[in-house]
Amino acid sequence: MAIFAVYVVNRAGGLIYQMDHTSAKTEVEKTFSYPLELVLKIVDERVVVSFGQRDGIKVGHTLLAINGETVTGRGLEDGRDVLDVIADSENYPIAIKFGRPKLSSNERIMLASMFHSLFVISCQLSPDVRSSGIEVLEVDTFKLHCFQTLTGIKFIVLTDPRQGGVESLLKKIYEIYSDFALKNPFYSLDMPIRCELFESNILSALEQSERAGMYTASV
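Keep in mind that this is a model prediction, so the values were computed, not measured. (Residues numbered from 1 in each chain as written. Predicted model: local features only at pLDDT ≥ 70, side-chain atom pairs only at ≥ 80, totals over all residues. Heavy atoms only, no water.)

Between its terminal C-alpha atoms helix α3 (residues 166–182) stretches 23 Å, which fits the 24 Å expected from 17 residues at 1.5 Å a residue. Buried residues of α3: Val166, Leu169, Leu170, Ile173, Ile176, Tyr177, Ser178 and Ala181, and no others. (Helix = DSSP H or I, 4+ residues; strand = E, 2+ residues; numbered from the N terminus. Expected span 1.5 Å × (residues − 1). Buried < 20%, exposed > 50% of the residue type's maximum accessible area, 1.4 Å probe, protein only.)

Let us look at the side chain of Glu210. Topologically, Glu210 is positioned in helix α4 (residues 196–218). There is no salt bridge for the buried Glu210, and the closest opposite charge comes from Arg211, which lies 7.2 Å off by N-O distance. There is a polar contact of 2.9 Å between the side chain of Glu210 and the backbone nitrogen of Ile3. (Lys, Arg positive; Asp, Glu negative; His and termini not counted. Salt bridge = Lys/Arg side-chain N within 4 Å of Asp/Glu carboxyl O. Polar contact = N/O pair within 3.5 Å; in protein donor to acceptor, adjacent residues only side chain to side chain.)

Right, let's get into the pairing of strand β12 (residues 154–159). Most of β12 is tucked away: 6 of the 6 residues are buried. Pairing between strand β1 (residues 3–9) and β12: 6 bridges, direction antiparallel. Paired with Val8 across the strands is Phe155, a residue of β12. Relative to β12, strand β11 (residues 143–148) is paired through 6 bridges, and the arrangement is antiparallel. Each residue of the ladder has a partner; that of Phe147, found in β12, is Phe155. Hairpin connection of β11 to β12: 5 residues between the antiparallel strands, including Gly152 at a positive phi of 95 degrees. (Pairing = 2+ DSSP bridges.)

Our next topic: the packing of aromatic side chains. A ring pair, where both rings are aromatic, is described by two values, the distance of the centres and the angle of the planes. In total, this model carries 7 aromatic pairs according to the counting rule given. Measuring from centroid to centroid gives 5.2 Å for Tyr34 and Tyr92, while their planes differ by 70 degrees, and the two rings are edge-to-face. Residue Tyr34 is located in the loop between β3 (28–32) and β4 (39–43), and its partner Tyr92 is located in the loop between α1 (82–87) and β9 (94–99); the two are separated by 58 residues in the primary sequence. Under the relative-accessibility criterion, Tyr34 is labelled partly exposed at 45%. Three or more aromatic residues joined by ring pairs make a cluster, and in this case those are Phe147, Phe155, Tyr174 and Tyr177. In this structure, Lys154 is placed above the aromatic ring of Phe119, and the distance from its NZ or CZ to the ring centre is 4.8 Å. (Phe/Tyr/Trp six-rings, centres within 6.5 Å; stacked < 30°, edge-to-face > 60°. Lys NZ or Arg CZ within 6 Å of the ring centre and 35° of its normal.)

All right, on to the sheet that holds β11 then. Sheets are built from strands paired through backbone hydrogen bonds, the pairs being either parallel or antiparallel. As summarised here, the arrangement of the 5 strands in space is β2-β1-β12-β11-β10, forming an open sheet in which the pairing is antiparallel. Either end of the sheet is taken by a strand with one partner, and the two such strands are β2 (15–20) and β10 (136–138). Across the sheet, the axes of successive neighbouring strands diverge by a mean angle of 10 degrees, strand direction being ignored. Two elements, β1 and β2, share 5 bridges in a ladder whose sense is antiparallel. The residue bridging Ala5 from the neighbouring strand is Asp20, located in β2. Across the sheet, helix α2 (residues 105–125) is in contact with β1, β2, β10, β11 and β12; its angle to β2 comes to roughly 115 degrees. Across the sheet, α3 touches β1, β11 and β12, and the angle it forms with β12 is around 135 degrees. (Axes fitted to C-alpha atoms, helices over the stretch in contact; angles between N-to-C directions. Contact = heavy atoms within 4.5 Å.)

Attention now goes to the environment of Ala181. Of note, Ala181 is situated in helix α3. Assessed through its relative accessible area of 1%, Ala181 is described here as buried. With 129 residues separating them in the primary sequence, Ala181 and Gly52 have C-alpha atoms 48 Å apart. Once you skip the residues sitting within four places of it in the chain, Ala181 turns out to touch Ile176, Tyr187 and Ile193.

Pasting the structure below:
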């Protein structure tokens, strides 16, 4: 079982806190011979697989490293262009690592705002005016759990689909928010949360919930 991340979104849809906890393993490194059977293209200044899948490498994966050298954008650390390196037959055999890059701060802010909009839309589409909005979204690789307080603050947790006890975890995170953010005289409502005690207690709650979830699943 695993808890991947925690997000706190304010009443206006702004991201005020985010923590990555457990990362799912999505990196794959393979040695290729010439010519490379995967088709690559530039998307948002990243080299991405656009066609061809094999050995865990999927369309949409980003090129992360070549022969152990980290790729930043479309260039290597020594300044060489990634696509030029891959196109040169003299560089083969070549070890290439693919995977999903970490989201940037701006991407996280944008996604939090988008979820806030979807939450509002779900309430408007509901035939009952008292709809609670989105509580759970599930796909094959993770679940998104959301708890909205009466004041409109949203606590979002991303977990393994098999993780148990998430409802209790969301309430615990709300308690931590009340104790270490709202009661902090230096904290302003709806602003980013920067408090070591808040973060350490969130981490402790996640670890405890993971252990409890593993026990529940084994039973």
